[in-house]
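# Architecture at a glance
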Amino acid sequence: MNIQDIFDSMEYGPAPESANEAQAWLDSRGRAFGHFINGSFTKPGAGFESRNPATGALLAKLTQASQSDVDAAVVAARTAQPGWTGLGGHKRARYLYALARLLQKHARLFAVLETLDNGKPIRESRDIDIPLAARHFYYHAGMAQLMEDGLPGRAPLGVCGQIIPWNFPLLMLAWKIAPAIAMGNTVVLKPAEFTPLTALLFGQICQEAGLPAGVVNIVTGDGAVGEMIVASDVDKIAFTGSTAVGRAIREATAGSGKSLTLELGGKSPYIVFEDADLDSAVEGLVDAIWFNQGQVCCAGSRLLVQEGIAERFHAKLKARMDALRIGDPLDKCIDVGSLVDPVQLQTVARFVEEGAGDGEIYQPAVQMPDGCFYPPTLITGLAPADRLMQEEIFGPVLVSTTFRTPSEAVEIANNTRYGLAASVWSENVNLALDIAPKLASGVVWVNATNLFDAAAGFGGVRESGFGREGGWEGLLAYTRPVKTAPRATAIAPFAAPADPSSDNPLDRTAKMFVGGKQARPDSGYSRTIWGPKGALLGHVGEGSRKDIRNAVEAAGKAAGWAKSTGHLRAQILFYIAENLSARAAEFAARIDAMTGTKTGADEVEAAIDLLFTNAAWADKLDGAAKGVPLRGLAVAVNEPVGVIGAVCPPDRPLLGLIAAMAPAVAMGNRVVLLPSEAFPLAATDFYQVLETSDVPAGVVNIVTGAQGALSADIASHLDVDAVWNLSTADLDAAIEKAAAGNLKRIWACGLDGAMKGREALTQATEIKTVWVPYGE
Ligand code: NAI
């Protein structure tokens, strides 16, 4: 071939990256690995193989961890933890800095090894995976240094179990390990069984950095080893992977007191408006769905294109697909590499074979290499409810549909159980920024896609999981308040006196409060509330699943509250405080009568104070412009979580109610409150205050009755987004188990925990990161 030929064909010649160093490293380890526990590698044992998915060649043999391996790793981490946190932020920062530097020094070895193990193009592992992993350690070296100053009153959780997937093996390791150890935790991490090699090389880097033994432990194996870690004596589980496994982990950890963050699947919309720069949008789409062969949790796998330009856009897209270069992942000119494993190839192929139905499939007419290669695929003409429009394929398969108006685009985009990321393409910045807050997702990219950085939070809403990774917000998942008072224990209601008829006051039957109205219980039953000396204080409704349903429906209808301004919400909370203050003596007397104490006056004062605090925060919990290395904005916006069910503490019946209601409502959420079972009358008196304080109907709902049954009902309701348990710890297990269905956020905090600093405000918000790169 001469130069003229090259100009004529514009063909790229091969530009293979050498695998020699990576192969030599594998040879130097005897191509057989044990685990990395307590600072050294264990002897290799029976297990499984890791193969290069592009060629099928055996790379190394790995060890399947046994229960005693997992136990040893957890013990090593537990033993190392006090010393590690005791080193202080600065010394930890130096270790993280050393790890970042070593990652950079060995960048090419990591990149080649990653590509061999995973099949992703070297262009990606070299330019994205490894640099971002190093960036994560740099950024969190800084966080270790700043912890005392930037996160006062917070302490590490202890030992963190971390389970990661195979799509970004080293990058996910960095996302998990860097923040955890920066905050003074120690870790036991399990890489995915398809891709354990860079994690083991990282173990060697930990040795080179002189990291104290036991701070980082890496055990290899399949899902069974993951289950062992979940069940082990760790304080937190951080998981990234499939929604099905995330749900199983939620169930397995229910009631264990372990903290949990889940970063799960997605079906992210990629919305192209007719005024978009179509060529840029096509180029973005290549990144959105063919980056890493579409094996990306936030892949832009659902194209939504405005009707008027759909034909033109699809034509441009197909032309671009024809030009994608598919082949040897170690070739630097390759756009699309290999899927991770024959199993994944089969899964993707089956999805398309079984799901395409009446859809039209487009694939470039190129010869596919042998190995786990699947062609870039576009499917048009599917209905919104079709399986391929709804389910995560996790492969290079794009489904496309059209919309007419911006509001229709939002409706289709949100028609999914996921909510991880979204891209919006329009040259009209007002339109794009109008759409961004309306999308149910944790990340929105405007005229961009797949932008990530350590400084910006990443994570989802709905069934895409909970918690954020990156930024200050990511650190909340690896720390806790330094000291919290123990959770309350159950309080039995006072019993009826022997001769109840002797002391009956005028009947005062309290109702529930649903949708701004007083409501009778659906059951038709009431329970009697007796004072400590046998006085009949009143009756409250015996709430049931149907009352919960009505309350959640009412809360759903009050969605406008989420769009109200902080200024308005502040005024309403101040007004509630004013009206409560006007009736302070009456509330104090009621609390004293119910509890038999003389603490009512103090409790009412504390409740008014708390209302003021939350009114004050309503317009002050600001978002942030993140310091990302990009010309543009990455803006962290606080959004309400949605509908929050709150189980109030057994004691402190008024303060406990306010502690749940005020922060939730201040941040724009709607609440369903389950008041103290023993002392519910403070709550039922309180709805009269709500009625006179301009609170819109449905924003606050109160359902009285048995907290045990009602809290499980609310936790299993699919239209509830979060449950807070300020009540007794024995309710946690049932709540957390029931919540696994739609993976709602659970905060098992107790009263003191709910009143610690800004914790409740954080729990009441979901951070959405909106990325807006500047133009030229
Ligand atoms: P997976 O969720 O089964 O695996 C992820 C990690 O969890 C691996 O380390 C695995 O060993 C571990 N694991 C598996 N079962 C476990 C259990 N019961 N308890 C604790 N840990 C467990 O994902 P898999 O099977 O590799 O891929 C299946 C599908 O999951 C993919 O096709 C894709 O749709 C989705 N997926 C999504 C990811 C994401 O980032 N959102 C990442 C990987 C997979």
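Predicted, not measured: the structure shown is a model, and the values here were computed from it.

## Structural notes on the confidence of the model for the protein
A residue-level look at the protein finds 99% of positions with pLDDT of 70 or above and a mean pLDDT of 96. Two summary scores accompany this predicted model of the complex, namely pTM at 0.96 and ipTM at 0.96.

## Describing the packing of aromatic side chains
Under the defined criterion, the tally for this structure stands at 18 aromatic pairs. A centroid spacing of 6.2 Å and a plane angle of 40 degrees characterise the contact between Phe-494 and Phe-679, whose relative ring orientation is tilted. With Phe-494 in the loop between strand E19 (479-481) and strand E20 (512-514) and Phe-679 in the loop between strand E27 (670-674) and helix H23 (681-691), this pair connects stretches of sequence that are 185 residues apart. With a relative accessible area of 29%, Phe-494 lands in the partly exposed category.

## Observations regarding the pattern of salt bridges
Note on pairing: side chains with opposite charge can pair once their charged atoms come close. Counted according to the given criterion, the structure contains 35 salt bridges. With a shortest N-O distance of 3.4 Å, Asp-335 and Arg-123 are connected by a salt bridge. One end of the pair, Asp-335, is in the loop between helix H12 (310-322) and helix H13 (342-355); the other, Arg-123, is in helix H6 (residues 122-150), with 212 residues separating them in the sequence. Residue Arg-123 is classed as partly exposed on the basis of its relative accessible area, which comes to 31%. Between Glu-463 and Arg-247 there is a salt bridge, and its shortest N-O distance comes to 2.7 Å.

## Considering the environment of Trp-25
Secondary-structure assignment places Trp-25 in helix H2 (residues 20-28). Taking the relative accessible area as the measure of exposure, Trp-25 reaches 8% and is therefore buried. For the pair Trp-25 and Leu-109, spaced 84 residues apart in sequence, the C-alpha to C-alpha distance is 8.6 Å. With near-sequence residues (within four places) excluded, Trp-25 lies in contact with Phe-33, Leu-109, Leu-113, Leu-197, Leu-200, Leu-201 and Gln-204.

## Some words on the sheet that holds strand E31 (residues 765-773)
Sheet architecture is open: ten strands sit in the order E13-E14-E15-E12-E11-E16-E17-E31-E25-E24, paired in mixed fashion. Every interior strand has two partners, whereas the edge strands, strand E13 (360-362) and strand E24 (624-625), have only one. When strand E11 (residues 269-272) meets strand E12 (residues 302-306), the two strands line up parallel, connected through four bridges. Residue Tyr-270 lies in a different strand from E12, and its bridge partner there is Leu-303. Strands E11, E12, strand E14 (377-380), strand E15 (397-403) and strand E16 (421-425) of the sheet are contacted by helix H11 (residues 278-290), whose axis makes an angle of about 175 degrees with E11.

## A closer look at the packing of H2 against helix H5 (residues 107-118)
Where H2 meets H5, the closest approach of the two axes is 8 Å, and the angle between their N-to-C directions is 80 degrees. In terms of orientation, H2 and H5 fall into the roughly perpendicular class. When H2 is examined against H5, the residues Glu-21, Ala-22, Gln-23, Trp-25 and Leu-26 are found in contact with a partner set consisting of Leu-109, Val-112, Leu-113 and Leu-116. Partitioning the contact of H2 with H5 into residue classes produces seven nonpolar, one polar and one charged.

Rules of the game
Residues numbered from 1 in each chain as written. Predicted model: local features only at pLDDT ≥ 70, side-chain atom pairs only at ≥ 80, totals over all residues. Heavy atoms only, no water. pLDDT = per-residue confidence, 0-100. Phe/Tyr/Trp six-rings, centres within 6.5 Å; stacked < 30°, edge-to-face > 60°. Helix = DSSP H or I, 4+ residues; strand = E, 2+ residues; numbered from the N terminus. Buried < 20%, exposed > 50% of the residue type's maximum accessible area, 1.4 Å probe, protein only. Salt bridge = Lys/Arg side-chain N within 4 Å of Asp/Glu carboxyl O. Contact = heavy atoms within 4.5 Å. Pairing = 2+ DSSP bridges. Axes fitted to C-alpha atoms, helices over the stretch in contact; angles between N-to-C directions. Parallel < 35°, antiparallel > 145°, perpendicular 65-115°, else oblique. Nonpolar A, V, L, I, M, F, W, Y, C, P; charged D, E, K, R; others polar.

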